[in-house]
Amino acid sequence: MSATAVLAVLAAGAGGAVLRAVVVGVLPRTGTAVVNVVGTAVLAVVVALAGAGRLGSTAAAVWGLGLAGSLTTFSGWVARVADGWRTARGRTVVLEVAAPVLSGVAVTVLALVALS
Amino acid sequence: MDIARPDRAGRAPTRRDLVGVAAGGAVGTALRLAAAAPLPLALAGLGPWRLLAVNTTGSLALGALASLAARSPRLAVALPTLATGLLGGLTTFSSMIVAAGRLGHDLGLVAPDSARMTGPGLVLAAAYVGGSLVLGLLAHAAGTRLGRTTGRNVGRSGGTR
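Residues numbered from 1 in each chain as written. Chains lettered and ligands numbered in written order. Predicted model: local features only at pLDDT ≥ 70, side-chain atom pairs only at ≥ 80, totals over all residues. Heavy atoms only, no water.

(A) Broad picture of the overall build of chain B. When helices and strands are counted, chain B shows six helices and zero strands. Burial analysis of chain B (161 residues in total) assigns 45% to the buried set. A total of about 7,800 Å² of accessible surface is found on chain B, and carbon and sulfur atoms cover 66% of it. (Helix = DSSP H or I, 4+ residues; strand = E, 2+ residues; numbered from the N terminus. Buried < 20%, exposed > 50% of the residue type's maximum accessible area, 1.4 Å probe, protein only. Areas by Shrake-Rupley, 256 points an atom, 1.4 Å probe, with all protein chains shown as cover.)

Put into structure tokens, the structure is as follows:
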């Protein structure tokens, strides 16, 4: 991968992080789940298109590794689950764990089936 | 931004916050790329086990950082860069979901040309996501405890504020 491509991936990573911060700022309760599901959909589309030979490796790295990778967050998700677990376990299991994971799996399967 | 800046919960991030988040996000992405070396920069990036290690480490660091920042206003100012940007950009949820779906293929339990996720693949995927979450929660708790202990010790010696 060229230096330009690596820089493009890092720029996409910066953009993904900013987008996440803005969404979570606007939607403090649901923002983390929203960016995680949307970012997973982006990565799934990228994987499907690249697997079908319709997206080059550099573009796939920029959108997949850079943007989707940085738009979504595992540590922020875990922190929300940990915070929610202390106060509202039922709500946390449904809204913070089941909803984003199942939605993420669903959009991934949809993208792979529709685009492969 | 609610986790990174509890004092700013529900407020839109400032322009200065966003500059810090962008810088941290670029560094976090660079660290994630570095963690993949010397593997070729394939789409999956890290592979399931390195990804698990990166996500768990990031959760530990976020726990420690958040509890340290609760005692240090100076560190709290840097939270958008370090927590939302760097650790948020380093760890990734999307790759975890995609890696979970491919685990059966990676371990040779599902035929490489099979587009359908069968029994063993489904069990592995669920175990991977569940295991990642449990490890992340344990790491976050350990980091929080570590941050509290460190913050108390530094506070006693007068170095935090």
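(B) Quick look at the overall build of chain A. Along chain A, the regular secondary structure elements total five helices and zero strands. Scanning chain A from its N terminus toward the C terminus, one meets helices and strands in the order α-α-α-α-α. Summarising its shape, the C-alpha atoms of chain A cover approximately 45 × 30 × 20 Å along the three principal directions. Counting all 116 residues of chain A, 48% fall into the buried class. Expressed as a percentage of contacts within chain A between residues at least 6 apart in sequence, the contacts between residues at least 24 apart total 72%. (Contact = heavy atoms within 4.5 Å.)

(C) Quick peek at the nonpolar core. By size, the foremost hydrophobic cluster in this structure holds 30 residues, and its most contacted members are Trp77 and Val101 of chain A together with Leu51, Leu87, Phe93, Met96 and Tyr128 of chain B. Counting residues per element, the ones that place at least two in this core are α4 (74-87) of chain A together with α2 (48-69), α4 (79-90), α5 (94-106) and α6 (119-156) of chain B. Per element, the largest residue contribution to this core is six residues, and it comes from α2 of chain B. Contact partners of Leu51 of chain B, with chain neighbours within four places excluded, come to Leu46, Thr92, Ser95, Met96, Ala99 and Tyr128 of chain B. (Core = buried A, V, L, I, M, F, W, Y, C linked by side-chain atoms within 4.5 Å.)

(D) Spotlight on the interface of chain A and chain B. Chain A puts 44 residues into the contact, and the matching count from chain B is 44 residues. Carbon and sulfur atoms make up 76% of the area that chain A and chain B hide from each other, which totals about 3,500 Å². For the chain A face of the interface with chain B, the top three residues by lost area are Leu65, Phe74 and Ser75 of chain A, together amounting to 20%. The interface formed by chain A and chain B includes zero salt bridges. Our count for the chain A to chain B interface comes out at 11 residue pairs in polar contact (both at pLDDT 80 or more). The set of elements that each furnish at least two residues to the side of chain A that touches chain B consists of α1 (3-26), α2 (31-51), α3 (57-71), α4 and α5 (89-115) of chain A. (Buried area = accessible area lost by both parts, 1.4 Å probe. Salt bridge = Lys/Arg side-chain N within 4 Å of Asp/Glu carboxyl O. Polar contact = N/O pair within 3.5 Å; in protein donor to acceptor, adjacent residues only side chain to side chain.)

(E) View of the confidence of the model for chain A. Confidence in the prediction for chain A averages 92 pLDDT; 100% of positions are at 70 or higher. The least confident element of chain A, judged by mean pLDDT, is α5 of chain A at 89; the most confident is α1 of chain A at 96. (pLDDT = per-residue confidence, 0-100.)

(F) Region of interest: a nonpolar patch on the surface. Residue and element names in this part refer to chain A. A cluster of nonpolar side chains, namely Val22, Val26, Leu27, Val34 and Val38, defines an oily patch on the protein surface of about 360 Å² accessible area. Contributions of two or more residues to the nonpolar patch are made by α1 and α2. If you trace the backbone, Val34 turns up in helix α2. Val34 gets classed as partly exposed once you look at its relative accessible area, which sits at 34%. (Patch = residues over 30% accessible without salt bridge, like charges linked within 9 Å, V, L, I, M, F, W, Y side chains within 5 Å.)

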